[in-house]
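Descriptive analysis of the structure
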Amino acid sequence: MNTEFNQNPEQVARDRIDAMLIASGWSVQDKDKINFRAARGIAVREYQCDEGFIDYALFVGRRPVGVIEAKREEEGVNLKEHEAQAEGYANSKLKHLENEPLLFVYESTGEVTLFSDFRYEKGRSREIFSFQRPETLEQWIEEDKCLRTRLHDIPELNPEGLRDAQVNAIENLEQSFRGNKPRALIQMATGAGKTFTACTFVYRLLKFARAKRVLFLVDTKNLGEQAEQEFQAYQPIDDNRKFTELYNVQRLSSSFVPTDSHVCISTIQRVYSILKGRELAEEAEEIDPENQANKNSGDEQLVEYNEQVPIEFFDFVIIDECHRSIYNLWRQVLDYFDAFMIGLTATPDQRTYAFFHENVVSEYDYDTAVADGVNVPNETYIIETEISQKGSKLKAKENLQRRDKLTRRKRWEQLDEDVEYNQGQLDKDVVNPSQIRSIIKEFKRIIPRLFPERKDEKGVFEVPKTLIFAKTDSHADDIIGIVREEFGEGNDFCKKVTYKLKDEDPKSVLNQFRNGYNPRIAVTVDMIATGTDVKPLEVLLFMRNVNSKNYYEQMKGRGARTIGYEDFRKTSATAKFTKTHFVIVDAVGVTRSPKKCTTAIVDTKKSEPLIKLLNSVMMGRADEDVFMSLASRLVRLEKKLEPKQQEKYTKLNPDGKTLKEAVKDLINAYDVNVIEREARKLLGVSEGEEVAEESEEFEKAQKDAQSKLIEIAADNFTGEVNDFLENAKKIAEQIIDDVNRDVVLHSDFAEVTMEQSAETVSEFEEFITEHRDSLIALRIFYNEPYRRKEVTLAMIEELFELLRENKPKLSPEYVWEAYARLDNTTSTFVDKFTALVSLVRRACGIDSELTAFSETVNRNFRDWVFRKQAGSVKYTEEQMSWLRLIKEYITNSFHIEEDDLDLDPFNRLGGRGMMYKLFTDEYETIFDEMNEALVV
């Protein structure tokens, strides 16, 4: 008999957590029966603190070290929502103690457990298999720095003895570690030295990051032996001793795992057997592990907690030949360990990319954006991915995970038949992590393009305040986890903002988003889709489609607010001027999908269970708000039902109606137009015929018609129908598609029409003409071309500031794109000031088509040099080198004077003295000629 069945959900979760704690070496005690002599680590239930009662307070040797927030299994889907509550307990004062903030924070349902380590500045929650042992937490607290901090202490790599590909892999892997990315993939061709590369970075991890242990996983005994030989032969360049003289390397050949080994080499089969507490014959290590797994039942493959090899036993797990059979049912061996995962392979497949979160170390890219104006307009950016557009297909016999939407419990299942899913089923019936990740990665990549000036003094781009629209709470949680990971940030960086937050005040979170620096990114389903003012918002990322035109326009409005410069700087530290525009990042086709102008059906009975509404209507209750609330619920439910479920409803309906028709009947019962039409039918009056609408006869006909419509609507619901709908609304499982890797098909700003470009150019030229006599630079370009050599950077900056203040929409980037489109030119935008000179030259007719200023200067420089050397002058190579420097300086500053020789790059090369040495008294003439000739 299942004893859990008769227990309340809270107690079931507590019992599971108790068992996990006990297995991990903790003594679980009640608050009124504390006995510190019972064990080194004790977990005290319901311990009081300033914030209330902590579900479990963790003590090691009388010292408080952490807290556990326990939740029912049904809350596993929203476990991240409870982070703030748990962190609040950790930061509070415990009764009888004057403790510092506690560093280790857990949220758990007994099935799903999240862990945050606040020793690390950007610590973020991560899912773990079980709790760490008390002696581990004690050791961690005693360390001067945690592992994630020590990863920042690894010195620059000495490339001696390494190939370029190996240097690239190691440097980018270590950068990935510093970004706190849990998984990384090294793709390296066969024969390029993958294992030697691994030996190098393992040595650096052990020496400089003081890693405790590393697990090197293989899938056959032979590969394990080869790896052992590589480590034995490895000679560090900064030590005369071999690797194995410095660190203990052990290839596992039994169930015993030595605690003094720094590197353990093992097959995945053996690690599985160790976790199961079983012996494994060596010949079993030669069997293809995937085939072996498929021959066993799913129940037989579930790993269990092993106190001899706790989840924190290894700091790093390296998976050699990771494209092979270490997924499916064997994947849980990897999920057991709370460790960084590094994959080595020459031939990754789709599932390899999925497992390593598509973090192929050393691949990244970026570029430009467009500014806008006052009650700020928007730009649209389109991201299209293959699976977002077309869905995908899963083949029969594939071993895949299914995840309960509510509890997040996962199970493995082999598909009996092919499963095809479309765009509409994504994140509802099927979750493809790669589809979400590809959008988030592409969004991160384009941030420099969206806001090119948003970088600090180190050149690091600041993430603009971003709101992501998700489909469901479950979808939102998936997005949050991937955003935090891809941006390498902690819990505060990205949060969910919905009405359904339980342990954190939604308004408080919203206020943080509105006025604080963090969160930079908020994910919402409903709360701030409409009506909420978040002025600093600059990006709306749509990861859900919207069919209602009104609702979509309201959602767009979230980004349209203006904000003063000083307030803007409080939330966007790198902003150089006030908010000029916002960007809609469309990842689902929302900007191009057809919209309906529909009247909203309002659910005013949100607290009423669906079954209660159904039975009320069936039993004759006919309040308008009950009918409309039920219609609202069933509209949402109908969209979630699978075709077979919809067919079943139609069969159960007494009149064979579809669920859509039943909803229509509910709405008709209170639609004045429908009531009037039916009343006319009762009176035998045609639609165009006049009728005394205020007559008692017509009023009675209306009442009779509405009563009939109410009866028709109620007839759709019987006891059997209501039970079906109640069960159908229960959240089902989702298939987790880790097989199909998504790819970006298109990523660019939405296409601008020729008419829009012409309007932009016309507006720019009108502005330039209007100010042609008030600004020195414009006066020179228009009226005094002989003075063009006098134009300075300061003059162009003055023009830029005037343009920005009066016409922020007409940023150089935006106008450049418009001219380029009209002129059909490929000239590249480089810098806002040099671009502005090119735009002015184009606007006032000096150039017949848009030409980059650098191209103009280069062309004029060639002509000038040719003319000079056509006579008696013959420049040496050293002189030409300096002339090219002067040309580059004029390209960026428009003008050069003698004092500029004291500036970089001239001062590094000898400055005035070298110029005089090369050109004697002629250098002043050269300056005059080049200032004039190059900018003509």
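Residues numbered from 1 in each chain as written. Predicted model: local features only at pLDDT ≥ 70, side-chain atom pairs only at ≥ 80, totals over all residues. Heavy atoms only, no water.

Take the overall build of the protein next. Scanning the protein from N- to C-terminus turns up 35 helices and 26 strands. Across the 936 residues in the protein, those meeting the buried criterion constitute 53%. Taking all contacts inside the protein whose residues are at least 6 apart in sequence as the whole, residues at least 24 apart take part in 71%. As displayed, the protein has an accessible area near 42,900 Å², and 46% of this comes from carbon and sulfur atoms. (Helix = DSSP H or I, 4+ residues; strand = E, 2+ residues; numbered from the N terminus. Buried < 20%, exposed > 50% of the residue type's maximum accessible area, 1.4 Å probe, protein only. Contact = heavy atoms within 4.5 Å. Areas by Shrake-Rupley, 256 points an atom, 1.4 Å probe, with all protein chains shown as cover.)

Before going further, it helps to spend a moment on the packing of aromatic side chains. One pair of aromatic rings is described through two measures. These are the centre distance and the angle between the planes. Under the defined criterion, the tally for this structure stands at 35 aromatic pairs. The interplanar angle of 75° and the centroid separation of 5.4 Å between the aromatic rings of Phe314 and Phe337 together place this pair among those described as edge-to-face. Placement of the pair is Phe314 in the loop between α11 (298-301) and β12 (316-320) and Phe337 in the loop between α12 (331-336) and β13 (340-345), with a sequence separation of 23 residues. Exposure remark for Phe314: the relative accessible area of 3% places this residue in the buried category. (Phe/Tyr/Trp six-rings, centres within 6.5 Å; stacked < 30°, edge-to-face > 60°.)

Considering soluble globular proteins, one finds that nonpolar side chains tend to be buried as a cluster. With 57 residues, the main nonpolar core has Phe764, Trp864, Leu883, Ile886, Phe919 and Met930 as its most contacted residues. The element contributing the most residues to this core is helix α31 (residues 832-843), with seven residues. Setting aside residues up to four positions removed in sequence, Phe764 forms contacts with Leu803, Leu810, Val815, Tyr819, Leu836, Leu839 and Ala843. With 50 residues, the next largest nonpolar core counts Leu58, Val60, Phe104 and Cys264 among its residues. (Core = buried A, V, L, I, M, F, W, Y, C linked by side-chain atoms within 4.5 Å.)

Time to look at the confidence of the model for the protein. For the protein, mean pLDDT is 82; residues scoring 70 or higher make up 88% of the total. Per-residue pLDDT stays below 50 along residues 290-300; that stretch engages in 14 contacts with residues further than four places along the chain or on separate chains. (pLDDT = per-residue confidence, 0-100.)

With that out of the way, let us pick up the side chain of His895. In this fold, His895 is placed in the loop between α33 (877-893) and α34 (911-919). Engagement of the side chain of His895 in a polar contact is seen with the side chain of Glu897, the distance being 3.4 Å. (Polar contact = N/O pair within 3.5 Å; in protein donor to acceptor, adjacent residues only side chain to side chain.)

The grouping of Asp921, Glu922, Glu924, Asp928 and Glu932 at the surface amounts to a negative patch. By the element assignment, Glu932 lies in helix α35 (residues 923-933). (Patch = residues over 30% accessible without salt bridge, like charges linked within 9 Å, V, L, I, M, F, W, Y side chains within 5 Å. Salt bridge = Lys/Arg side-chain N within 4 Å of Asp/Glu carboxyl O. Lys, Arg positive; Asp, Glu negative; His and termini not counted. Charge placed at Lys NZ, Arg CZ, Asp CG, Glu CD.)

Let us now look at the pairing of strand β6 (residues 113-117). Counted residue by residue, β6 has five buried out of five residues, so it is predominantly covered. Going residue by residue along β6, you find Thr113, Phe115 and Asp117 tucked away on one face and Leu114 and Ser116 tucked away on the opposite face as well. Relative to β6, strand β5 (residues 104-108) runs antiparallel, the two sharing five bridges. Paired with Glu107 across the bridge in β6 is Leu114. Connecting the antiparallel pair β5 and β6 is a turn made up of four residues, with Gly110 showing a positive phi of about 90°. Here β6 pairs with strand β7 (residues 126-128) via three bridges, running antiparallel. Bridge assignment links Thr113 to a residue of β7, and that residue is Ile128. (Pairing = 2+ DSSP bridges.)

Sheet architecture is open: six strands sit in the order β8-β13-β12-β9-β11-β10, paired in parallel fashion. Single-partner strands in this sheet number two, and they are β8 (183-187) and β10 (249-251). The sheet shows a mean angle of 20° between the axes of neighbouring strands, taken without regard to direction. Most of the contacts of helix α5 (residues 164-178) go to β8, to which it runs at about 170°, and overall it touches β8, β12 and β13. Contacting β9 (214-218) and β11 (263-267), helix α9 (residues 268-276) runs over the sheet at an angle of about 100° to β11. (Axes fitted to C-alpha atoms, helices over the stretch in contact; angles between N-to-C directions.)

This part takes up the pattern of salt bridges. Proximity of charged atoms lets side chains of opposite charge pair with each other. Using the criterion set out here, one finds 48 salt bridges in the structure. We note a salt bridge from Asp144 to Arg210, for which the minimum N-O separation is 3.3 Å. Within this pair, whereas Asp144 is found in the loop between α3 (134-142) and α4 (147-150), its partner Arg210 is found in the loop between α6 (194-208) and β9, the two being separated by 66 residues in sequence. Taking the relative accessible area as the measure of exposure, Asp144 reaches 60% and is therefore exposed. On the basis of relative accessible area, Arg210 is assigned to the partly exposed category, the value being 42%. Measuring nitrogen to oxygen at the nearest pair gives 3.8 Å for the salt bridge that ties Asp492 to Lys495. Judged by relative accessible area, Asp492 falls into the partly exposed class, the value being 42%. Residues joined in a network through salt bridges with shared partners are Asp117, Arg119, Glu143 and Arg150.

Of all five residues in strand β1 (residues 26-30), four are buried, a share of seventy percent or more. Pairing geometry for β1 and strand β2 (residues 41-49), over five bridges, is parallel. Note on β2: the bridge partner recorded for Ser27 is Ile42.

Moving on: a positive patch on the surface. A surface patch of positive charge is lined by Lys428, Lys639, Lys640 and Lys660. Overall, Lys640 belongs to the exposed group, its relative accessible area being 60%.

With that out of the way, let us pick up the sheet that holds β1. As summarised here, the arrangement of the seven strands in space is β1-β2-β3-β4-β5-β6-β7, forming an open sheet in which the pairing is mixed. Both edges of this open sheet fall to β1 and β7, since each of them pairs with a single strand only. Averaged over all pairs of adjacent strands, the angle between strand axes in this sheet comes to 35°, irrespective of strand direction. Contacting β1, β2, β3 (52-60), β4 (63-70), β5 and β6, helix α1 (residues 9-23) runs over the sheet at an angle of about 10° to β3.

What follows concerns the packing of helix α30 (residues 812-823) against α31. One way to put it is that α30 packs onto α31 with a least axis distance of 10 Å and a crossing angle of 45°. Classified by the interaxial angle, the pair formed by α30 and α31 is oblique. Crossing angle aside, the handedness with which α30 passes α31 is left-handed. Residues Pro812, Val815, Trp816, Tyr819 and Asp823 of α30 pack against Lys832, Ala835, Ser838, Leu839, Arg842 and Ala843 of α31. (Parallel < 35°, antiparallel > 145°, perpendicular 65-115°, else oblique. Left-handed = near helix turned anticlockwise from the far one by under 90°.)

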